[in-house]
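# An overview of the molecular structure
In case you want the letters, here they are:
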Amino acid sequence: MKILITGGSAGLGAAMVKKLAAQNSHQIYFTYASSKAAAMELENSFQQVHSRHCDFSDPLSVERLLNEIPDWDLDVLINNAAGPIEKTHFHKTDPNAFLHAFRRDILPVLQITQSVIPGFRKKKFGKIINILSSVVVNHPPIGWSGYAAGKNYLLSMSKSWVSENARFNITVNNISPAFMQTGLTADTDERILEQMRDAHPLKKLLTTDEVADAALFLVSCSQQINGTNLIINAGTDLV
């Protein structure tokens, strides 16, 4: 299958690129914003992997990607790219910061998803997989209101995508992983990490490889699996 993974040069994105490329039956395109060296390394490691620069904070960069997407005849879209987490209490956050985050983190996801659906409808097949976060269930971390709101927005939007496109054999599924050590969380204090490990049922933090396994499953599973949100957090939040 032909797959586009946004934000595929590092962290979970890179883990998904490697996991899917190892199948040898997929043609994979992925975007990167600043990690050009890492992107080139991935591209050189797998013959069927291709990188494209796309900075979600730059509308022109997003527009260039949108112009290329129809030529790829995609079968799968994995919306993974995410901006930095603004850790500020809600009552202390400048309202303009919410607008900026929406334009940077959410609007490009909507535009890219809009761009693939016509092709999916034409071929009567497609898979959309959104990488969300376990913050969409129960209590989000203090100071993460904007991040949690954005992920919940995409979760709600995905339900509309399911309703509108299921009859075209298009699936929309979500993966909501718990805390992982990636670039997004690199500034987390080691003492907090140790506390999280001690409190974890398995005494270890979730890894990007474990979440990439879930993405691999959703890429290869039956089209009967549709409209799900796979929460990966060792059962600490039951829905």
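First things first, this report covers the structure right here in the doc. Remember, it's a predicted structure, so these values are computed and weren't measured experimentally.

Further remarks concern the overall build of the protein chain. Tallying secondary structure elements over the protein chain gives seven helices and seven strands in all. Ordered by position from N to C terminus, the α and β elements of the protein chain give β-α-β-α-β-α-β-α-β-α-β-α-α-β. The C-alpha radius of gyration computed for the protein chain amounts to 17 Å, which stays within 12% of the reference 18 Å derived for 239 residues, consistent with globular compactness. By principal-axis analysis of the C-alpha atoms, the protein chain measures approximately 50 × 40 × 40 Å. Long-range pairs, those at least 24 residues apart, make up 71% of the contacts in the protein chain with a sequence separation of at least 6. Of the roughly 12200 Å² of accessible surface on the protein chain, 53% is carried by carbon and sulfur atoms. Here the protein chain contributes 22 positive and 22 negative side-chain charges, whose respective centroids are spaced 6 Å apart.

Another point: the sheet that holds strand S6 (residues 170-177). Taken together, the seven strands give an open sheet; going across it, the order is S3-S2-S1-S4-S5-S6-S7, and neighbouring strands pair in parallel fashion. Among the strands making up the open sheet, the edge pair consists of strand S3 (49-53) and strand S7 (229-232). Taking the axes of each pair of neighbouring strands and ignoring which way they run, one obtains an average angle of 15 degrees across the sheet. In this structure, S6 lies alongside S7, joined through four bridges in parallel fashion. Paired with Ile175 across the two strands is Leu230, which belongs to S7.

Time to look at the environment of Asp71. Relative to the helices and strands, Asp71 is located in helix H3 (residues 59-72). Residue class for Asp71 comes out exposed when judged on its relative accessible area of 66%. Taking the C-alpha atoms as reference points, Asp71 and Gly119, 48 residues apart in sequence, are found 9.9 Å from one another.

Further remarks concern H3. Taking 1.5 Å of rise per residue, the 14 residues of H3 would be expected to cover 20 Å, and the 21 Å separating its terminal C-alpha atoms lies within 8% of that figure. Looking only at H3, the buried set comprises Ser61, Val62, Leu65, Leu66, Ile69 and Trp72. Buried residues in H3, looked at end-on, bunch into an arc of 140 degrees, giving them a common side. Summarising the geometry of H3, the exposed residues directed more than 90 degrees from the buried face are Leu60, Asn67, Pro70 and Asp71. A side-chain oxygen of the first residue of H3 lies 3.0 Å from the backbone nitrogen of Leu60; this N-cap is Asp58. Where H3 terminates, the next one or two residues include Asp73, which has phi positive at roughly 50 degrees.

The next subject is the pattern of salt bridges. Enumeration over the complete set of coordinates arrives at seven salt bridges. Across the pair Lys123 and Asp75 runs a salt bridge, and its minimum N-O distance is 2.9 Å. Note that Lys123 is positioned in helix H4 (residues 95-123) and Asp75 in the loop between H3 and strand S4 (76-79), a separation of 48 residues in sequence. Of the charged contacts, one joins Arg104 and Glu86 as a salt bridge, the two residues approaching to 3.8 Å between their closest N and O atoms. Taken as a pair, Arg104 in helix H4 and Glu86 in the loop between S4 and H4 lie far apart in primary sequence, 18 residues in all. Each of Asp73, Asp75 and Lys123 takes part in a single network of salt bridges with overlapping partners.

Let's shift gears to the pairing of strand S5 (residues 126-131). A large share of S5 lies buried, amounting to six of its six residues. Pairing of S5 with S6 involves six bridges; the strand directions are parallel. Each bridged residue has a counterpart across the sheet, and for Asn130 the counterpart in S6 is Asn174. The β-α-β motif built from S5, the intervening helix H5 (residues 145-165) and the parallel element S6 has right-handed crossover chirality.

This part is about the nonpolar core. The biggest cluster of nonpolar side chains holds 31 residues, and the ones touching the most others in it are Ile3, Ile5, Met16, Leu20, Ile78, Ile129 and Ile175. Broken down by secondary-structure element, the contributors of at least two residues to this core are strand S1 (2-5), helix H1 (11-21), strand S2 (27-32), helix H2 (36-45), S4, S5 and helix H7 (208-220). With residues up to four places along the chain from it excluded, the contact list for Leu20 reads Ile3, Ile5, His26, Ile28, Ile78, Leu216 and Val219.

With that out of the way, let us pick up the environment of Ala212. Within the secondary structure, Ala212 is located in helix H7. Take Ala212: its relative accessible area is 2%, and that puts it in the buried class. Setting aside its immediate chain neighbours within four residues, Ala212 contacts Leu12, Ala15, Met16 and Lys19.

What counts, and at which threshold
Residues numbered from 1 in each chain as written. Predicted model: local features only at pLDDT ≥ 70, side-chain atom pairs only at ≥ 80, totals over all residues. Heavy atoms only, no water. Helix = DSSP H or I, 4+ residues; strand = E, 2+ residues; numbered from the N terminus. Rg over C-alpha atoms; globule rule 2.2 N^0.38 Å. Contact = heavy atoms within 4.5 Å. Areas by Shrake-Rupley, 256 points an atom, 1.4 Å probe, with all protein chains shown as cover. Lys, Arg positive; Asp, Glu negative; His and termini not counted. Charge placed at Lys NZ, Arg CZ, Asp CG, Glu CD. Pairing = 2+ DSSP bridges. Axes fitted to C-alpha atoms, helices over the stretch in contact; angles between N-to-C directions. Buried < 20%, exposed > 50% of the residue type's maximum accessible area, 1.4 Å probe, protein only. Expected span 1.5 Å × (residues − 1). Arc of directions from axis to C-beta. Polar contact = N/O pair within 3.5 Å; in protein donor to acceptor, adjacent residues only side chain to side chain. Salt bridge = Lys/Arg side-chain N within 4 Å of Asp/Glu carboxyl O. Right-handed = clockwise from strand over helix to strand, strands pointing away. Core = buried A, V, L, I, M, F, W, Y, C linked by side-chain atoms within 4.5 Å.

Note that every value here comes from positions in space, so none of it alone points to a role or purpose.
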